[in-house]
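# Observations on the model geometry
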Amino acid sequence: MLRVVFFLIGMVLAVTARAAEPPNVLFIAIDDQNDWIGHLGGHPLAKTPHLDALAARGTSFTNAHCQAPLCNPSRTSLMLGLRPTTTGIYGLAPWFRTIPQWADRVSLPQHFAQHGYLTAATGKIYHGGTGPRRRPKAAADSRPPEFEITGTFGGVGSRPPKKLTPPAPMGNHPAMDWGVWPPDNDDTKKGDYQVASWTVEQIRNAPKDRPFFLAAGFFLPHVPCYATQQWFDLYPGDDSVLPPFLADDRDDTPRFSWYLHWSLPEPRLRWLRENKQWQNLVRSYLACTSFVDAQIGRLLNALEEAGLADNTIVVVWGDHGWHLGEKAITGKNTLWDRGTKVPLIFAGPGVTAGQQCSQPAELLDIYPTLIDLAGLPARVDLEGSSLVPQLTNAAAPRARPALTSHNQGNHAVRSERWRYIQYADGTEELYDMEADPHEWQNLAGDPGQAAVLAAHRRWLPTIDRPPAPGSAHRVLTYDPATDEAIWEGTTVRRADTIPQ
Ligand SMILES: [Ca+2]
Ligand SMILES: [Ca+2]
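First, a word on what this report is: a plain description of the structure on this page.

Thresholds, definitions, all that
Residues numbered from 1 in each chain as written. Chains lettered and ligands numbered in written order. Predicted model: local features only at pLDDT ≥ 70, side-chain atom pairs only at ≥ 80, totals over all residues. Helix = DSSP H or I, 4+ residues; strand = E, 2+ residues; numbered from the N terminus. Buried ≥ 20, exposed ≤ 12 C-beta atoms within 10 Å, placed from the backbone. Contact = placed C-beta atoms within 7 Å. Axes fitted to C-alpha atoms, helices over the stretch in contact; angles between N-to-C directions. Parallel < 35°, antiparallel > 145°, perpendicular 65-115°, else oblique. Pairing = 2+ DSSP bridges. Core = buried A, V, L, I, M, F, W, Y, C linked by C-beta atoms within 7 Å. Arc of directions from axis to C-beta. Nonpolar A, V, L, I, M, F, W, Y, C, P; charged D, E, K, R; others polar. Expected span 1.5 Å × (residues − 1).

### A short note on the overall build of the protein chain
Looking only at helices and strands, the protein chain features 14 helices and 22 strands. Expressed as a percentage of the 500 residues in the protein chain, the buried residues total 51%. Residue pairs at least 24 apart in sequence account for 75% of intrachain contacts in the protein chain once pairs closer than 6 positions are excluded.

### Observations regarding the packing of helix H6 (residues 191-204) against helix H10 (residues 278-305)
Packing of H6 against H10 brings their axes to within 9 Å, and their N-to-C directions diverge by 10 degrees. Taken together, H6 and H10 sit at an angle that is classed as roughly parallel. Where H6 abuts H10, its residues Asp-192, Tyr-193, Ala-196, Thr-199, Val-200, Ile-203 and Arg-204 lie against Val-292, Gln-295, Arg-298, Leu-299, Ala-302 and Leu-303.

### Some thoughts on the sheet that holds strand E16 (residues 402-405)
Two modes of strand pairing occur in sheets, parallel and antiparallel, and in both the strands are linked by backbone hydrogen bonds. Read from one edge to the other, the open sheet built from four strands follows the order E16-E17-E18-E19, with strand pairing classed as antiparallel. Of all the strands in the sheet, the pair left with one neighbour each is E16 and strand E19 (428-432). Taken pair by pair, the neighbouring strands of this sheet meet at an average axis angle of 10 degrees, ignoring direction. In this structure, E16 lies alongside strand E17 (residues 411-414), joined through four bridges in antiparallel fashion. Paired with Ser-405 across the bridge in E17 is His-411. Those strands touched by helix H14 (residues 450-457) are E17, strand E18 (418-422) and E19, and its axis lies near 70 degrees from that of E18.

### A word on the sheet that holds strand E13 (residues 344-347)
A sheet is described by the order of its strands in space; here eight strands give the open sequence E5-E4-E7-E1-E9-E13-E2-E14, paired in mixed fashion. In this open sheet, the two edge strands, each paired with only one partner strand, are strand E5 (149-150) and strand E14 (355-357). Note: strand E9 (residues 312-318) against E13, four bridges, orientation antiparallel. For Val-316, the partnering residue across the bridge sits in E13 and is Ile-345. Seen against the sheet, H6 touches strand E4 (118-123) and strand E7 (212-218) and runs at an angle of roughly 170 degrees to E7. The sheet strands contacting H10 are strand E1 (24-30), E7 and E9, and the helix crosses E1 at an angle near 175 degrees.

### Some details on unusual backbone geometry
Each neighbour pair has its own omega, and for Ala-93 with Pro-94 the value is 5 degrees, a cis peptide bond. As for its placement among the helices and strands, Pro-94 is situated in the loop between helix H4 (84-87) and helix H5 (108-114). Going from Val-223 to Pro-224, the amide bond is cis rather than trans, its omega being 0 degrees. Secondary-structure assignment places Pro-224 in the loop between E7 and strand E8 (225-227). A positive phi angle, close to 45 degrees, is found at Asn-172, a residue other than glycine. Tracing the backbone shows Asn-172 in the loop between E5 and strand E6 (178-180).

### Focus on the nonpolar core
Ranked by internal contacts, the top residues of the largest apolar core, which has 125 residues, are Ile-28, Val-315, Val-316 and Leu-370. What Val-315 contacts, discounting residues up to four positions off in sequence, is Phe-27, Ile-28, Phe-346, Ile-366 and Leu-370.

### Some words on the pairing of strand E21 (residues 484-487)
Successive residues of a regular strand alternate their side chains across the two faces of the sheet. Here E21 shows a clear split, with Ala-485 and Trp-487 buried on one side and none of Glu-484 and Ile-486 buried on the other. Pairing of strand E20 (residues 476-479) with E21 involves four bridges; the strand directions are antiparallel. In the sheet register, Leu-476 faces E21, and the bridge partner there is Trp-487. Between E20 and E21, which pair antiparallel one after the other, the connecting turn spans four residues, and Asp-483 there sits at a positive phi close to 55 degrees. Sheet topology places E21 next to strand E22 (residues 490-492); three bridges connect them, and they run antiparallel. The residue bridging Ala-485 from the neighbouring strand is Val-492, located in E22.

### Description of helix H2 (residues 49-56)
Helical geometry: 3.6 residues make up each α-helical turn, so side chains three or four residues apart lie on a common side. Within the sequence span of H2, burial applies to His-50, Leu-51, Leu-54 and Ala-55. For H2, the arc enclosing every buried residue in end-on projection is 140 degrees, short of the 170-degree limit, so these residues lie on one face. Of the surrounding elements, those touching the buried residues of H2 are strand E2 (58-61), H10, E9 and E13.

### Comments concerning the packing of H2 against H10
One can describe the packing of H2 onto H10 by two numbers: an axis separation of 7 Å at closest approach and a directional angle of 50 degrees. Considering their axes alone, H2 and H10 lie oblique with respect to each other. The residues of H10 that touch H2, namely those facing Pro-49, His-50, Leu-51 and Leu-54, are Asp-293, Ala-294, Ile-296, Gly-297 and Leu-300. For the contact of H2 with H10, the class distribution of residues is six nonpolar, two polar and one charged.

### Some points on the environment of Gln-449
Of note, Gln-449 is situated in the loop between E19 and H14. Those residues within four positions of Gln-449 in sequence are excluded, and the remaining contacts are Leu-430 and Leu-443.

### Digging into H10
Spanning 28 residues, H10 covers 41 Å between terminal C-alpha atoms, matching the ideal 40 Å at 1.5 Å per step. Among the 28 residues that make up H10, 21 are buried, leaving the element largely enclosed by the rest of the structure. One or two positions beyond H10, positive phi appears at Gly-307, with a value near 70 degrees.

### Describing the environment of Asp-239
As for its position among the elements, Asp-239 is in the loop between helix H7 (229-232) and helix H8 (256-259). We classify Asp-239 as exposed; it has 9 C-beta atoms within 10 Å. C-alpha of Asp-239 to C-alpha of Gln-279: the two residues are 40 residues apart in sequence and 6.1 Å apart in space.

### With respect to the pairing of E17
Burial along E17 is two-sided: the residues His-411 and Val-413 and Ala-412 and Arg-414 are all buried. The turn joining E16 and E17, which pair antiparallel and follow one another in sequence, is formed by five residues; a positive phi near 70 degrees is taken by Asn-407. With four bridges connecting them, E17 and E18 associate as antiparallel partners. Counted as the bridge partner of His-411 is Gln-422 from E18. Taking the residues between adjacent antiparallel strands as the criterion, E17 and E18 are bridged by three residues.

Structural data, given as structure tokens:
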């Protein structure tokens, strides 16, 4: 009898010990991935079986938004838990550690490292990958690394000897290319394949005595959108792949909306049509999305095989959206849903399976959510909110809309039903996302919407800093006194022709 009691006590202790084991974190980033993900419904033909399966065993946010529609500011915001309007990081430069105020800021993985986690990363996590290999001279040697272990950079991988598409306008940037590559169907030559392989090795060789925070950053479907033929074969080679489009859509958007993407290497829709490249770009982007989905599938399979799936929190996020012809442009740098909406999926311990949450969520919420899920001490210096209430019950109320900013003074407020935009010159847009999911009809001038406008304006950020020192690339400033906008160092005037 006594032996049975001891046995039962032993069982209870064993179960308690297991339950108290800190969970691992598998942190997966996808570059420039909009909501063209199977279960998100952003594109009816998108095929992402592994992300859909992950969503089925976890919670997917169907109304999640980046804090900035560009790599560096979005990733800086997510990793530091601060809005771009707080950091002043809006462009592709600077690296935030060069700003004295943020040089010693504890990033998300560093918070995990401080609590006993092994941190490892590969591919594109920050805009510069896993952080600079060589630290700035001024940095004290005692400063902790961004990650304890870093792997392959990933990136494009095999490139064709010359571009597959016609010379693109605005500088014929080498990244502005897409199509079938490599031609031999060999995915192992791709940077993202190598990123997945390195991550699988880390999972297989995970330490037994420490939990891990393992970050894998995939480069595709960022341009150049090269994928092997097998991924193109998933999509029809005809115009059925094209997104819905309204020809005069920009007629009711403020001129200032053009200033956010004034002169970019990304071609406009007019060029794609004239060069018969629209369908090719869309199909290439979809092919790349499915290829990355398959690489994420390799990571999830490795977790299962290693017996770690039950004790690993998986989070997948995209750093911002991407236009493929909508609003007459391609690329990022916009405050519309196609530019800000991203996949955001959590699965694992503490996450209710099979839920979709349609309330607004922010990438900024990942930092407080992960430390909450892992049971680490909370921080008072984070500007996001834990999503654990929604991960428990998707219907749990969330008071706050999602906020995206692109340079000082330009902000979008996304509630469950509406999108409100205000530009630095005071011009506005308002869309009823239920009645008008493509954001075709700007209602900002409708007197009947005064209450909706007021309810959304009150969420505009109270802190709205100018660009940090060293800001460059995609940086826009505006002086209301002179009505002068400066895009990447060049003055833009009201009468200037919009670059094509
Ligand atoms: Ca990006
Ligand atoms: Ca319109």
